[in-house]
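Architecture and fold: a report
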Amino acid sequence: MSQFVADQRSAWPHRWAWLLACATFPLIWWGGFVTVTGSGMAFVDWLMPDGYFMPLFPWFQSSGGKFVEHGHRLLGMLSGLLTIALLVSLYKGEPRRWVRRFGVGLLLGVIFQGVLGGLRVNLDERVIALIHGCTGPLFFAACAAMVAVTSPRWLNSPAILAGAADRPRMGRLSKTAEPRLLRLAILTTVLAYLQLVIGAVVRHSALMTADQAGAVFQIAVYFHVLVALAVFAHVLMLAHKCFWRGVAPLMSASLALLIVAQIFLGLSTWLVKYGMPEWAVATFGEWPYRNTDSGLIQATIIAGHGAVGSLIVALCTVLTLKVGRQLGLQSSTRPAVKQTIAGAIA
Amino acid sequence: MLPVWKWVLARRFSLAECQWHTLGNMNLRSPSSLGIIAALVAALVGCEQAPPPQFHLNEMRMVENETPADYQQEIADVLGAMFGTPDQPFAFPESGLTQTRLTLAAGAAYNDTEGVSHGLYRRHCVHCHGITGDGRGPTARFLNPYPRDYRSGVFKFKTTFAAAKPTDEDLKRIMHNGAPGTAMPSFSLLPNSEVESLVEYVKYLAMRGEMEQRLNQYVYDELADADRVDEKGNPVLDENGAPLKGIRLNPAANAGQQEAVKGMMAEVVAPWNEAKDQVIAPTEEQIPKDNRPAEEIAASAKKGRDLFFSPQKGNCFSCHGPTALGDGQQNDFDVWTKEQKAFLDKTEQLKQSVAERDEQKDLSDDDKTALERDRRLVSEREDVIKTFYPLRNAIPRNLRKGIYRGGRRRIDIFARIHQGIPGMPMPGVGGSGPGVQGTLTEAEIWNIVDYVLSLPYEAISGPQTALPENVAEVTK
């Protein structure tokens, strides 16, 4: 079956999917810059910034908030165009119907995300900015998933699996995926995304003017810290298990490094934005540096924290798919093993 | 997806103004569903859009003065007429504030087609300092120190005499430099015009806060217990023929009140306009030169050290500690916290009093009425206390870190020592006004400045000042 599929498929969907993912990641960064620098309302209208047809707006002649916001819009447009190109390539050279439908879903997703961004501007509503900030990483994770499912490895997995079965066992660890690993992967992905949503609430509730904004911010901060610990532990566990079971070892190692970096970025984000909390001052002394509002260091660290969070969600998603793929293939050869979710993914 | 959809529909159906009935029959798989979902999100948010932000009254002071709710509303109305709203601030002519700057600083944040930034306060400041300027923005609870409450009109880091307001330059400087060691960042990337607009808005919030306090006090002193009179000046009686208490606050209809409000306004505005005449001006000849030899600086620092540790002169060590690590007194509070602490203490006393009276059996009717009143008051005060952040002590600065919140120029340190830090336990040792002699002379203050600036480089244990006896004998 897979050999048959592999013969018919084109390499272009995978290439376009890579391009799309590579364009979406900077888009997420740039979105973070927009929030950090408060450039979301640099234009009071969407689709026609200051009366210009969007692609024709003199971007390089603009500065400040307009430069940041329009850059985000252009990158968004690029992602949209790449999604269309991906979809065309899928319908031309992808025999799997569900992958083609997934491509349609991506197109709908990018349009939805664009409209959401536009509504944030046209309605000047911070809550939509928050939702926009949460759905962006979701789209990025979907792009990463598209890269995974269109890759040659996805279809050639049986060969990998066969090779894995021949490899020697390392201690108590099996060299193949198992249902518990899939559960861990799904849980980690959900936790990582939940953390991202809480992070978006932390960032945006601070800028809200409603009376309850303070309470929301405080609760969100506590949850963000709490879930950070859970995500840290789960990601490390997932990366560890995947690495030693031979499920995308390079990606697993990257994930482990990223989560460590993310914790440092999170601490740095707080420091460059709000300085040292009272309990930390008592222990470590005062924050000796002067933060500069919307400065390059502050903007890069804060936007980076959001972007790396998105990358972690995307990698967790791909890892989950890979684990599920292995399990699905195993279950197809061993029908006694009940793996409904894994089968569905594969 | 479907449960969310049902939830959204159920929620929307309850609102008469949102006609979404037809959506129930919609085919979610159709290509048009995306647009409709987007519109639904917009409608959802639009229908539940938060009302425009409003200025809040200082609840603690209202409860402290036992200002009734109707008076509170009247105070808010008067303030609204004088100062406008957070979206549409109004600069009354006597204030000396510039309406254009206020307009740019207030309202929602956006850029117009010319690229001019609007809503600067909400973009840069509100998350810490709050809409009313009460230092209670969403992030404030986690910050150290808590953000400044502008409403008292007290500002810490300035170059004017302690009782005076800061100059525009002082406020601009703190915005440009930030306050190192705190969450207050530098806004040095903002254009000067935007900084000026924000300075104007900070002054506006401070004036509004001070005016609120004066109006509250005016109601307490002059109106709440006064006999009510009609338009002809005759006392208004209730159904039992007893004179009604409480004159309504309505300056628009009462010439006397109008004059009183104008007087209050003048008292609030005058110190701001006079601030530039209240700048501490150190004598030109006594200002140390920038290119002094090291020996001269060391000699000055040594004198400063003696003054620092002198109980009669500088007495700095009593707070900053014998090692200048900020480990002297640790139990004092700033004025903002002192006010809250006094409120807490008074509430506790009142609670005890209520509890004691509760146990008494033979209370007269008057006593019972007073008890009920106090019980209600305790409840109101406890509601206010729930909104307090944990009280923090004003911890003296660790002078060995080299972090100076109000600026690290010698003139900044001079101003801190000369006039202290308003609102903080740090007292000044200079004269309280132009030409007034202080505890220390200007030269002595400059000596302390030199010592303070040398502290980050001085070993905590300090070198021995006298040679050991045997070494001294050898070197004779």
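These figures come from a predicted structure and were not determined experimentally.

**A closer look at the overall build of chain A**
Along chain A, the regular secondary structure elements total twelve helices and zero strands. The secondary structure elements of chain A, listed N-terminal to C-terminal, are α-α-α-α-α-α-α-α-α-α-α-α. Within chain A, the fraction of its 346 residues that count as buried is 48%.

**Focus: the overall build of chain B**
Regarding its fold elements, chain B presents 17 helices and two strands. In chain B, once contacts between residues fewer than 6 apart in sequence are set aside, the share between residues at least 24 apart is 62%.

**Overview of the interface of chain B and chain A**
Counting residues at the interface gives 41 residues for chain B and 47 residues for chain A. Considering every element that reaches the side of chain B that touches chain A, the biggest residue donor is helix α2 (residues 33–47) of chain B, with six residues.

**A short note on the domain arrangement of chain A**
Residue and element names in this part refer to chain A. Structurally, chain A comprises domain 1 (1–150) and domain 2 (178–346). Taking the mean C-alpha position of each, domain 1 and domain 2 sit 22 Å from one another. Each side of the interface is counted separately: domain 1 has 20 residues, and domain 2 has 23 residues. Those elements that provide at least two residues to the side of domain 1 that touches domain 2 are α2 (12–36) and α5 (126–149). Among the elements that make up the side of domain 1 that touches domain 2, the one with the highest residue count is α5 (twelve residues). Classifying every residue of the side of domain 1 that touches domain 2 gives 15 nonpolar, four polar and one charged.

**Things to note about helix α15 (residues 410–419) of chain B**
Residue and element names in this part refer to chain B. With seven of ten residues buried, α15 is to be regarded as a mostly interior element. Those residues of α15 that sit buried are Ile 413, Phe 414, Ala 415, Arg 416, Ile 417, His 418 and Gln 419. Summarising the contacts, the buried residues of α15 are in contact with α16 (442–454). Just beyond α15, the residue with positive phi is Gly 420, at close to 70 degrees.

**Some points on the packing of helix α4 (residues 69–83) of chain B against helix α9 (residues 192–223) of chain B**
All names here are of chain B. Relative to each other, α4 and α9 sit at 140 degrees, their axes nearing to 10 Å. Here α4 is positioned oblique relative to α9, judged by the angle of their axes. By crossing handedness, the relation of α4 to α9 is classed as right-handed. When α4 is examined against α9, the residues Tyr 71, Ile 75, Val 78, Leu 79, Met 82 and Phe 83 are found in contact with a partner set consisting of Arg 208, Met 211, Glu 212, Leu 215, Asn 216 and Val 219.

**Structural notes on the nonpolar core**
Formed by 90 residues in total, the largest nonpolar core has its most connected members in A:Cys143, A:Ala144, A:Ala145, A:Ala192, A:Ile312 and A:Leu319. For this core, the secondary-structure elements that each account for two or more residues are α2, α3 (64–93), α4 (97–122), α5, α7 (179–205), α8 (213–245), α9 (249–274) and α11 (296–333) of chain A. There are two domains that each give this core at least three residues, and those are domain 1 (1–150) and domain 2 (178–346) of chain A. Those residues in contact with A:Cys143 that lie beyond four places of it in its chain are A:Ala17, A:Leu20, A:Ala21, A:Thr24 and A:Leu106. Grouped together as the second largest cluster of nonpolar side chains are 81 residues, B:Tyr71, B:Phe161, B:Cys316 and B:Tyr451 included.

**As for the environment of B:Ile280**
Residues and elements named next belong to chain B. Structurally, Ile 280 is set in the loop between α10 (255–274) and α11 (294–308). Judged by the 21 C-beta atoms lying within 10 Å of it, Ile 280 is buried. Sequence-wise, Ile 280 and Phe 414 are 134 residues apart; in three dimensions their C-alpha atoms are separated by 9.5 Å.

**Remarks on unusual backbone geometry**
Among all residues save glycine, negative phi is the norm, and among peptide bonds the norm is trans. In this structure, the amide linkage connecting B:Asn144 to the following residue, B:Pro145, adopts the cis form with an omega of -5 degrees. By the element assignment, B:Pro145 lies in the loop between α7 (126–129) and α8 (168–177). At A:Asp50, a residue that is not glycine, the phi angle is positive and equals roughly 50 degrees. Tracing the backbone shows A:Asp50 in the loop between α2 and α3. C-beta crowding within 10 Å serves as the criterion here: with 18 such atoms nearby, A:Asp50 is assigned to the partly exposed category. Non-glycine residue A:Asp124 carries a positive phi angle of around 45 degrees. For A:Asp124, a count of 17 C-beta atoms within 10 Å gives the class partly exposed.

**Remarks on the environment of A:Asp45**
Residues and elements named next belong to chain A. If you trace the backbone, Asp 45 turns up in the loop between α2 and α3. A C-alpha to C-alpha distance of 40 Å links Asp 45 and Trp 287, two positions 242 residues apart in sequence. Leave out the neighbours within four places in its chain, and Asp 45 touches Val 121 and Asn 122.

**As for the packing of α5(A) against α7(A)**
Residue and element names in this part refer to chain A. The interhelical angle for the contact between α5 and α7, taken along N-to-C directions, is 150 degrees, at an axis separation of 9 Å. Classified by the interaxial angle, the pair formed by α5 and α7 is roughly antiparallel. For α5 against α7, the interelement crossing comes out right-handed. Residues Arg 126, Ala 129, Leu 130, Gly 133, Cys 134 and Pro 137 of α5 touch α7, and the partners they reach there are Leu 196, Val 197, Ala 200, Val 201 and His 204. For the contact of α5 with α7, the per-class residue count stands at eight nonpolar, two polar and one charged.

**Observations concerning the confidence of the model for chain B**
Residue and element names in this part refer to chain B. Within chain B, residue pLDDT values average 87, and 86% of them lie at 70 or more. Summarising per-element confidence for chain B, the mean pLDDT is lowest in helix α1 (residues 2–13) (41) and highest in α8 (97). Confidence drops under a pLDDT of 50 for residues 1–34, and excluding neighbours within four residues, the segment shows 19 contacts in the predicted structure. For this predicted complex, the interface confidence score (ipTM) comes to 0.86, while the overall pTM stands at 0.86.

**So, the confidence of the model for chain A**
Residue and element names in this part refer to chain A. In this model, chain A carries an average pLDDT of 88, and 86% of its residues clear a pLDDT of 70 or more. This stretch, residues 1–5, has a pLDDT under 50; its non-local contacts, to residues over four places away or in other chains, come to five contacts. Across residues 333–339 the pLDDT falls below 50, and counting only partners more than four positions away or on other chains, this stretch makes six contacts in the model.

**Topic: α9(A)**
All names here are of chain A. Between its terminal C-alpha atoms α9 stretches 37 Å, which fits the 38 Å expected from 26 residues at 1.5 Å a residue. Along α9, the residues that are buried comprise Ser 252, Leu 255, Ile 259, Gln 262, Leu 265, Gly 266, Thr 269, Trp 270, Val 272 and Tyr 274. Just beyond α9, the residue with positive phi is Gly 275, at close to 70 degrees.

Criteria and thresholds
Residues numbered from 1 in each chain as written. Chains lettered and ligands numbered in written order. Predicted model: local features only at pLDDT ≥ 70, side-chain atom pairs only at ≥ 80, totals over all residues. Helix = DSSP H or I, 4+ residues; strand = E, 2+ residues; numbered from the N terminus. Buried ≥ 20, exposed ≤ 12 C-beta atoms within 10 Å, placed from the backbone. Contact = placed C-beta atoms within 7 Å. Domains from an automatic or database assignment. Nonpolar A, V, L, I, M, F, W, Y, C, P; charged D, E, K, R; others polar. Axes fitted to C-alpha atoms, helices over the stretch in contact; angles between N-to-C directions. Parallel < 35°, antiparallel > 145°, perpendicular 65-115°, else oblique. Left-handed = near helix turned anticlockwise from the far one by under 90°. Core = buried A, V, L, I, M, F, W, Y, C linked by C-beta atoms within 7 Å. pLDDT = per-residue confidence, 0-100. Expected span 1.5 Å × (residues − 1).

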